[in-house]
Amino acid sequence: MKRLLTLALIACCTCSYAGNKLPDIIPAPKSIEMQSGSFNVKGACVNYDQSLEKRTVDAVAKLADDLYVATGRVSSVASAAGIGASTPLKQLKGIYFVKDASMPAEAYTIEVGGRAVKVSASDHNGFIYAISSIRQMLPVELLSGKTVSGVKWKLPCCVIKDSPRFGYRGLMLDSSRHFWRVEEVKRFLAIMSVYKLNRLHWHLTDDQGWRVEIHNYPRLTEVGAFRAQTALPYSPEFDGKRYGGYYTQEEIKDVVAYAENLGITIVPEIDLPGHMIAAMASYPWLGCDGGPYEVRTQWGIDKRVLCPGKDSTFEFLEGVMEELCKLFPGEYIHIGGDECPKKSWEECPHCQAKIAELGLVSDEHGTKEQRLQNYVTKRMQDFLATKGRKIIGWDEILEGDLAEGATVMSWRGTKGGIKASAKGFDVVMSPNTYCYFDYYQSDRWDEEPIGIARGRKFLPLEKVYGYEPFEGFTPGAEGHILGVQANLWTEYIAEESHLEYMLLPRLLALSEVQWSPAGTKDYEAFLAKVKARHLPMLDILGYNYRKLD
Ligand code: ACM
Ligand code: ZN
């Protein structure tokens, strides 16, 4: 009992313990006050405030439906007239979802008493996070989709006051190197939502495949979405099989709407000016030497990149962005910017003429070709600003002179983020040292499915959990850290079960880094929750995951 008490006290910021065991909620909430007693959800009426958004009411109704199916007793759903955030719990009977406009975005409160449960939040995300926490407090059989007897359908009496540490809680999915069907992307989004992530960074284009339909440039998907074959892992051989696929604009809209219901904004990435061979294979005039090019069949970096010396390149990029902005309503468009070799620009007369025209020079802060990339970044930034959008890019966009207003995604360790914040830029921390989920999960290479950086780099669960995003930043720079993101590059991942294996359970550790208050983490307590509740939950939901060591 003493051990349990200790775990309970350190697993969240402010916790108190009276009679009930602390629930196994991941990510750990900001504050939980446990009380004695419980609320029986079997047959409870679920009431919602009439001012809630339709998508929130749908999420509440889904909870009621799951309670009905699992407990075998009808959980009616009703709109609650005359009940508000200030109505005391003791005047209520049943489960209530009430809007409290004074609460911050994404925050929620759950009060569980013997006769009633009251959930308060000011927005959709707050309510769906409360629902996720309620589900995690109930027996895991809730998710089984069938009536289960012999379990106690009770919520422990408690007060949970919760809100996220960071506003940007992201995960990147690479749909270029391997293509993920709409149903697979939705399953990926669904598990993100369980763990309160709110951004899917969708890597939609790269050398090995262009995946988004653009009506004005049909060859991008007719040609650029397919490669002739694929390199076999760690081998000079190829598989000899044509590979590809793309999302139609209707499919994209469907995924965006699905994500919105889960409280997730999609940040689409068009990686430019490097990583563009699939586009250049479709329209060879996009390259410095005019091609021909073939959609790349190997991994790694291609030295052939877009030609910013020609106006036609910008006309193309703006045409793509124009359509992209109509599909993705979020504030950010990711413009990539990583790994852009400059050799073709050094040799290209168009690029050199552009450099001369712009008066770009090399100095100790950057070369003239790096400054040509700054020019590309700025042109995209200015164009996207006309659509009301902001740009985010990999930390290479910082080289040379980055224009004000851009956000930097730090991936080459943490130094890019530290440097960017010191210069006044906002950053999203996604260091490969803690956040690259394509890395092996163990150094026992032979026991793991194939991954990237075999024999050189691995990223075990505990290391992800141990990431402290403020480490290395100068005091005062914290305000520039918008949040944290993990990346799932898929060069070596071709099957959904493998994708899930690389994601889980590391996603759970990431979620505590993104959500739970600073300085409250405890790996043993986290592991206990993973074992007791979350692996059984993943089993019921049918997700593949790496077993704990
Ligand atoms: C990256 O991993 N090239 C951003
Ligand atoms: Zn050029």
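Note that the structure is predicted; figures quoted are calculated from it, not measured.

Concerning the overall build of the chain
Then comes step 1: Within the chain, the secondary structure is distributed over 17 helices and 20 strands.
Then comes step 2: The globule rule puts the C-alpha radius of gyration for 549 residues at 24 Å, and the 25 Å found for the chain is close to it.
Then comes step 3: Over its C-alpha atoms, taken along the principal directions, the chain stretches across nearly 75 × 50 × 45 Å.
Then comes step 4: The 549 residues of the chain split such that 59% are buried.
Then comes step 5: Counted over contacts in the chain with a minimum sequence separation of 6, partners at least 24 positions apart contribute 69%.
Then comes step 6: Seen as two clouds, the 64 positive and the 70 negative side-chain charges of the chain have centres 6 Å apart.

Some words on the coordination of the zinc ion (ligand 2)
Then comes step 1: Every protein donor of the zinc ion (ligand 2) is accounted for by C288 (SG), C307 (SG), C348 (SG) and C351 (SG), and the metal-donor separations fall at 2.3 to 2.4 Å.
Then comes step 2: Given four donor atoms and angles of 107 to 112 degrees at the metal, the environment of the zinc ion (ligand 2) is assigned as tetrahedral.
Then comes step 3: Sequence spacing among the residues donating to the zinc ion (ligand 2) works out to C-x18-C-x40-C-x2-C. Residue C307 is found in the loop between α7 (277-282) and α8 (311-327), and its partner C348 is found in the loop between α9 (343-347) and α10 (349-358); the two are separated by 41 residues along the sequence. With respect to burial, C307 and C348 carry one shared label: buried.

Brief notes about the packing of helix α2 (residues 54-71) against helix α3 (residues 124-137)
Then comes step 1: Interaxial distance between α2 and α3 falls to 9 Å at its minimum, and their mutual angle equals 10 degrees. Relative to α3, the element α2 is oriented roughly parallel. The handedness of the crossing between α2 and α3 comes out as left-handed. Residues R55, T56, A59, V60, K62, L63 and D66 of α2 pack against H124, F127, I128, I131, I134 and R135 of α3.
Then comes step 2: Grouping the constituent residues of the contact of α2 with α3 by class yields seven nonpolar, two polar and four charged.

Some points on the nonpolar core
Then comes step 1: Counting residues in each nonpolar core, the largest one holds 125 residues, and the members touching the most others are W202 and W210.
Then comes step 2: Of the residues forming this core, the biggest block, eight residues, is contributed by α8.
Then comes step 3: The next biggest cluster of nonpolar side chains, apart from the first, holds 40 residues, and it includes I32, V148, W153 and C158.

Details of the pattern of salt bridges
Then comes step 1: Taken as a whole and judged by the stated rule, the model has 37 salt bridges.
Then comes step 2: Through salt bridges that share partners, R444, E447, E448, R546 and D549 make up one connected network.

Overview of the state of the cysteines
Then comes step 1: Taken as a whole and assessed by the stated rule, the structure comprises zero disulfides.
Then comes step 2: We note that C45 lacks a disulfide partner, and the nearest cysteine sulfur, in C157, lies 19 Å from it.
Then comes step 3: Overall, C45 belongs to the partly exposed group, its relative accessible area being 24%.

Here we look at the confidence of the model for the chain
Then comes step 1: Overall, the prediction assigns the chain a mean pLDDT of 95, with 97% of residues at 70 or greater.
Then comes step 2: No element of the chain has a lower mean pLDDT than helix α1 (residues 2-10), at 37, and none a higher one than strand β10 (residues 199-203), at 99.
Then comes step 3: Ignoring residues within four places in sequence, the model shows residues 1-12, a span with pLDDT below 50, making 20 contacts including any to other chains.

Thoughts on the sheet that holds strand β17 (residues 390-394)
Then comes step 1: With parallel pairing, the eight strands of this closed barrel are ordered in space as β9-β10-β15-β16-β17-β18-β19-β20. Recorded for the sheet is a direction-independent mean angle of 30 degrees between the axes of neighbouring strands.
Then comes step 2: Those strands touched by α8 are β15 (265-272) and β16 (332-336), and its axis lies near 170 degrees from that of β15.

So, unusual backbone geometry
Then comes step 1: The step from I26 to P27 runs through a cis peptide bond, and the omega angle for that step is 0 degrees.
Then comes step 2: With an omega of 5 degrees, the peptide bond running from L504 to P505 counts as cis.
Then comes step 3: You can see P505 is positioned in the loop between α15 (496-503) and α16 (506-515).
Then comes step 4: Of note, the phi angle at E339 is positive, near 45 degrees, even though the residue is not glycine.
Then comes step 5: Structurally, E339 can be placed in the loop between β16 and α9.

Reading the values: the criteria
Along each chain, the written sequence defines residue order, and numbers are assigned to residues from 1. Whichever chain is written first becomes A and whichever ligand is written first becomes 1, with later ones labelled in order. The model is predicted, so local features are restricted to residues of pLDDT at least 70 and side-chain atom pairs to those at 80 or more, both for listing and for counting; the totals for chains, interfaces and linings are taken over all residues. By convention in this description, side-chain values take in all heavy atoms of the structure and omit both hydrogens and water. Secondary structure counts use DSSP, requiring at least four H or I residues in a row for a helix and at least two E residues in a row for a strand, with both numbered from the N terminus. As a reference, a globule follows 2.2 Å times the number of residues to the power 0.38, and the radius of gyration itself is taken over C-alpha atoms. Burial here depends on accessible area, computed with a 1.4 Å probe over protein chains only, as a share of the maximum for the residue type. Under 20% is buried, over 50% is exposed, and the range in between is partly exposed. Contacts were defined at the residue level, with two residues in contact if any of their heavy atoms lie within 4.5 Å. None of His or the chain ends enter the tally, which takes Lys and Arg as positive and Asp and Glu as negative. Where a charge lies is defined by one atom per residue type: Lys uses NZ, Arg uses CZ, Asp uses CG and Glu uses CD. Only nitrogen, oxygen and sulfur atoms within 2.8 Å of the metal, or 3.2 Å for Na, K and Ca, are treated as donors, and water is left out, so sites may look incomplete. Sites are called tetrahedral only when four donors show all angles between 85 and 135 degrees, square planar or octahedral only when four or six donors show opposite pairs over 155 degrees and all other angles between 65 and 115, and irregular in any remaining case. All axes are obtained by fitting lines to C-alpha atoms, using only the stretch in contact for helices, and the reported angles, taken between N-to-C directions, cover 0 to 180 degrees. Angular relationships are summarised with four words: roughly parallel below 35 degrees, roughly antiparallel beyond 145, roughly perpendicular across 65 to 115, and oblique for the angles in between. In this scheme the handedness of a crossing depends on how the near helix is turned from the far one: anticlockwise by less than a right angle means left-handed, clockwise means right-handed. Think of it as three bins: nonpolar holds Ala, Val, Leu, Ile, Met, Phe, Trp, Tyr, Cys and Pro, charged holds Asp, Glu, Lys and Arg, and polar takes everything else, Gly as well. Note on terminology: a nonpolar core comprises buried Ala, Val, Leu, Ile, Met, Phe, Trp, Tyr and Cys residues joined through side-chain atoms within 4.5 Å. Whenever a carboxyl oxygen of Asp or Glu lies within 4 Å of a side-chain nitrogen of Lys or Arg, that contact is scored as a salt bridge. The rule for a disulfide is simple: a pair of cysteine sulfur atoms within 2.5 Å. Values of pLDDT, which run from 0 to 100, indicate the predictor's confidence residue by residue. Whether two strands pair depends on DSSP finding at least two bridges between them.

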